[in-house]
Amino acid sequence: MLRIKSLPRWRSRITSERASSILALLAVSTSTVLLGCQRAASSPPSPEVEVVSVVQKDVPIFGEWIGTLDGFTNADVKAQVTGYLLRQGYQEGAFVKKGQLLFEIDPRPFQAALDQAKAQLMQTQAQLANAEATQMQAQLNVNKYTPLAQQQAASQQDLDNAVQTNVAAKATVLNSKAAIQAAEAAVKTAQINLDFTRLIAPIDGIAGQAQLQVGALVNTSSSAITTVSTVDPIKVYFTVSEPEYLDWNRRFPTEATLEAANKRVRLELILADGSTYPRDGTFYFADRQVNQSTGAVRIAGLFPNPGNILRPGGYGRVRAAVRVQKDALLVPQRAVSELQGSYQVAVVDDENKVSIRTVTVGDRVGTQWIVAEGLKRGERVVAEGVQKVRPGMQVNPKPFAAEAKER
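Keep in mind that what you see is a predicted model, and the values were worked out from it rather than measured. (Residues numbered from 1 in each chain as written. Predicted model: local features only at pLDDT ≥ 70, side-chain atom pairs only at ≥ 80, totals over all residues. Heavy atoms only, no water.)

Draft legend 1. Examining the overall build of the chain more closely. Summing up its helical and strand segments, the chain has six helices and 19 strands in all. Taking the intrachain contacts of the chain between residues at least 6 apart in sequence as the baseline, contacts between residues at least 24 apart amount to 76%. When the accessible area of the chain is evaluated, it comes to approximately 25900 Å², of which 52% is carbon and sulfur surface. (Helix = DSSP H or I, 4+ residues; strand = E, 2+ residues; numbered from the N terminus. Contact = heavy atoms within 4.5 Å. Areas by Shrake-Rupley, 256 points an atom, 1.4 Å probe, with all protein chains shown as cover.)

Here it is as structure tokens:
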């Protein structure tokens, strides 16, 4: 049987001391590694941002106003006689031609009045024929008694009676002719009233909803039964402020230059759904006065409207280039932050360090701001990732993917 001799106590103590030293070294090494990892973790990489250079160019400045659509011509269809609506002859909202029947009022009373007027005319014509025959006989008697009275073959009294009878007969003829004219006027009036029982379209256009139905009693004081509007071209009303109006006219001092400038203006119409109408409009007229309540001038533009898609009463926004700003500095709108009424941008210098700069902005041009003060051409500003940067921060700039962002 083998026996293992126990180590001396001094050797066991030395071995324990060496193990403790080794463990201590391992602990120190581990702490150093962990501290290094913590330091590495506390220094994150520079954040990526998308930057864009400030560009300088001539840009058109657009004005934008709220517009109201209206028919080029709006013709109300009203009753000119009193009667009951007998029938409706059109489809509401459909295109109608000038002269097309829209409504018919019961024509029977008016046809009877016309027949009566014609009969009265015939009576007066017969009375005229009798009066003319009587006057002709009286003239013959005058012609007969005149030589006889001169020869004293007939008395002067007979001649005077014949002359007086002739004068009275001529007066009767004149009265009969006047009665005929009155009867003819009555016939024309009756005919007009009969024609008024047919309510026809006064113009080519879109006929609106019927405000009264068949069987309703209408008269000359009734409101419009319907309205027909010409909508191609269609009229768009919008108001511009008096300063805008004066500025525009001041730039074209003569009537010829102003008229030429008005003809050159191209109007854009942004519809209620946000889409842009595919056809440009033209300036039509400016109202004669400034609205004292709003201090604005009403302007009318005309837009072609094939297919009658646009309808009166619609709303939209009218845009037009009112001037050109030379050498404008442009940055994307998303690069500009607004804080309590002031505007700021994050500028990246040549060492990719960020500084926050206050700027003065002007007009908007599409998706860009015009910067009036605070930036120079070619400087880089943060367009994407503005919320991640702080003054003095080091960043990793990338080109701004403008087209991808717009999509």
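Draft legend 2. Highlighting the layout of surface pockets. Roughly 530 Å³ of volume is contained in the largest pocket. Those elements giving two or more residues to the lining of the largest pocket turn out to be strand S2 (55-77), strand S9 (226-241), helix H4 (242-250), helix H5 (255-264), strand S11 (282-291) and strand S13 (315-332). When residues in the lining of the largest pocket are grouped by element, the largest group, six residues, is from H4. The residue makeup of the lining of the largest pocket, split by class, is 17 nonpolar, three polar and six charged. (1 Å grid on protein atoms, 1.4 Å probe; cavity = no way out; pocket = protein on both sides within 12 Å on 5 of 7 lines; lining within 4 Å. Points joined across faces, edges and corners; volume = space filled by probe spheres on them. Nonpolar A, V, L, I, M, F, W, Y, C, P; charged D, E, K, R; others polar.)

Draft legend 3. Region of interest: the sheet that holds strand S5 (residues 101-105). A sheet is described by the order of its strands in space; here four strands give the open sequence S6-S5-S3-S8, paired in antiparallel fashion. Only two strands of the sheet have a single neighbouring strand rather than two, namely strand S6 (198-200) and strand S8 (217-218). Note that strand S3 (residues 83-88) and S8 share two bridges and pair antiparallel. Paired with Gly83 across the strands is Val218, a residue of S8. (Pairing = 2+ DSSP bridges.)

Draft legend 4. Structural view of the pairing of S2. Two elements, S2 and S13, share 13 bridges in a ladder whose sense is antiparallel. Counted as the bridge partner of Gly67 is Gly316 from S13. Bridge analysis of S2 against S9 gives ten bridges, and the strand direction is antiparallel. Looking across to S9, one finds that Gly71 is bridged to Ile234.

Draft legend 5. Here's a closer look at the packing of aromatic side chains. Per the counting criterion, the structure on display carries eight aromatic pairs. Between the aromatic rings of Trp65 and Phe238, the centroid separation amounts to 5.3 Å while the plane-to-plane angle is 25°, which identifies the pairing as stacked. On the criterion of sequence distance, the pair formed by Trp65 in strand S2 and Phe238 in strand S9 is long-range, its members being 173 residues apart. Judged by relative accessible area, Trp65 falls into the buried class, the value being 11%. Ring geometry for Tyr284 versus Phe285: centroids 5.3 Å apart, planes at 70°, classification edge-to-face. A cation sits over an aromatic face here: Lys235 above Phe72, 5.4 Å from the ring centre. (Phe/Tyr/Trp six-rings, centres within 6.5 Å; stacked < 30°, edge-to-face > 60°. Buried < 20%, exposed > 50% of the residue type's maximum accessible area, 1.4 Å probe, protein only. Lys NZ or Arg CZ within 6 Å of the ring centre and 35° of its normal.)

Draft legend 6. Representation of helix H2 (residues 108-150) in the model. An ideal rise of 1.5 Å per residue puts 63 Å on 43 residues; H2 measures up with 63 Å between its terminal C-alpha atoms. Inspection of H2 places Phe110, Leu114, Ala117, Leu121, Thr124, Leu128, Ala131, Gln135, Ala138, Val142 and Ala149 among the buried residues, and these make up the whole buried set. The secondary structure elements touched by the buried residues of H2 are helix H3 (156-196). At the exit of H2 stands Gln152, carrying a positive phi of roughly 60°. (Expected span 1.5 Å × (residues − 1).)

Draft legend 7. Representation of the packing of H2 against H3. Between H2 and H3, whose axes approach to 7 Å, the crossing angle comes to 165°. What the angle tells us is that H2 and H3 run roughly antiparallel. With respect to the hand of their crossing, H2 and H3 are arranged in left-handed fashion. (Axes fitted to C-alpha atoms, helices over the stretch in contact; angles between N-to-C directions. Parallel < 35°, antiparallel > 145°, perpendicular 65-115°, else oblique. Left-handed = near helix turned anticlockwise from the far one by under 90°.)

Draft legend 8. Quick look at unusual backbone geometry. A cis amide bond, omega 5°, links Asp232 with the succeeding residue Pro233. Notably, Asn308 is not glycine yet its phi reads approximately 55°, a positive angle. Within the secondary structure, Asn308 is located in the loop between strand S12 (296-303) and S13. Under the relative-accessibility criterion, Asn308 is labelled buried at 18%. Non-glycine residue Asp327 carries a positive phi angle of around 50°. Positionally, Asp327 belongs in strand S13.

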